[in-house]
Amino acid sequence: MSFGSTLKKYLNNHAETGERHWDPSLTTHYYKTSKDKAMAMLTNYFTNSAEFAINATSAEHGEISVISKRGKKVFIVATVIMVRPFSTAIDFSVTTETILPFDFGYSSKVINNLYAQVNKELPQIKEKNR
């Protein structure tokens, strides 16, 4: 990770995961589950969370939009895509509302916390096995 990339991470109010992301902690995670089970797990987590509230759900598109109930205002879009049978990708896009045009890496921290929670619930597919 170059200095410019690190600076961009902290001086931005948006972070999202991707297949080939320059930050290894923000790459797409794959899980050994179906799309429906992953959607159900995420819906259950956000519904029972004291931090988040579900804004909208689209099962056909595999998307859940979430807002924060307390703390910093964040808007999260979770995308679930089944790439092959029992191989499902989960991506997150997080935007933090702040007075300043940057959040000092808070959006990336939220994504890492969300992935940590999903890793507890679903079996992750390591990169060698994909």
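In the block above lies the structure referred to throughout.
Nothing here was measured: the structure is a model prediction, and the numbers come from that model.

Colleague: Where do I start with the side chain of histidine 29 in this structure?
Modeller: Within the element layout of this structure, histidine 29 appears in strand E2 (residues 29-31). There is a polar contact of 3.4 Å between the side chain of histidine 29 and the side chain of tyrosine 31. Other than its neighbours up to four places away in sequence, histidine 29 contacts Thr88, Ala89, Ile90, Tyr115, Asn119 and Gln124.

Colleague: What am I meant to see in the packing of helix H2 (residues 35-48) against helix H3 (residues 106-121) here?
Modeller: Between two packed helices, the angle of one axis relative to the other and the distance separating the axes together describe the packing. Running from amino to carboxyl end, H2 crosses H3 at an angle of 120°, the nearest separation of the two axes being 11 Å. When the interaxial angle is binned, H2 and H3 end up oblique. In the crossing of H2 with H3, the sense of the turn from one axis to the other is right-handed. Along its contact with H2, which presents Met41, Leu42, Tyr45 and Phe46, the element H3 presents Leu114, Gln117, Val118 and Glu121. Its residues assigned to classes, the contact of H2 with H3 comprises six nonpolar, one polar and one charged.

Colleague: When you look at the environment of asparagine 12 in this model, what are you seeing that I'm missing?
Modeller: Along the chain, asparagine 12 turns up in the loop between helix H1 (3-10) and strand E1 (14-16). Measuring from C-alpha to C-alpha, the distance between asparagine 12 and aspartate 103 comes to 6.1 Å, with 91 residues separating the pair along the chain. Filtering out sequence-adjacent residues up to four positions away, asparagine 12 remains in contact with Pro101, Phe102 and Asp103.

Colleague: Looking at this structure, I do not really get the nonpolar core. What am I missing?
Modeller: Within soluble globular proteins, side chains that are nonpolar generally end up buried alongside one another. Within the largest apolar cluster, 24 residues are counted, with the highest numbers of intra-cluster contacts made by Leu42, Ile76, Ile90, Phe92 and Val118. If you list the elements that add at least two residues to this core, you get H2, strand E4 (63-68), strand E5 (73-84), strand E6 (87-97) and H3. Not counting chain neighbours up to four residues away, the residues in contact with phenylalanine 92 comprise Ala15, Glu16, Thr17, Leu42, Ile76, Val77, Ala78, Ile111, Leu114, Tyr115 and Val118.

The rules behind these values
- Residues numbered from 1 in each chain as written.
- Predicted model: local features only at pLDDT ≥ 70, side-chain atom pairs only at ≥ 80, totals over all residues.
- Heavy atoms only, no water.
- Helix = DSSP H or I, 4+ residues; strand = E, 2+ residues; numbered from the N terminus.
- Polar contact = N/O pair within 3.5 Å; in protein donor to acceptor, adjacent residues only side chain to side chain.
- Contact = heavy atoms within 4.5 Å.
- Axes fitted to C-alpha atoms, helices over the stretch in contact; angles between N-to-C directions.
- Parallel < 35°, antiparallel > 145°, perpendicular 65-115°, else oblique.
- Left-handed = near helix turned anticlockwise from the far one by under 90°.
- Nonpolar A, V, L, I, M, F, W, Y, C, P; charged D, E, K, R; others polar.
- Core = buried A, V, L, I, M, F, W, Y, C linked by side-chain atoms within 4.5 Å.
- Buried < 20%, exposed > 50% of the residue type's maximum accessible area, 1.4 Å probe, protein only.

So yeah, pure geometry; function would need other evidence.
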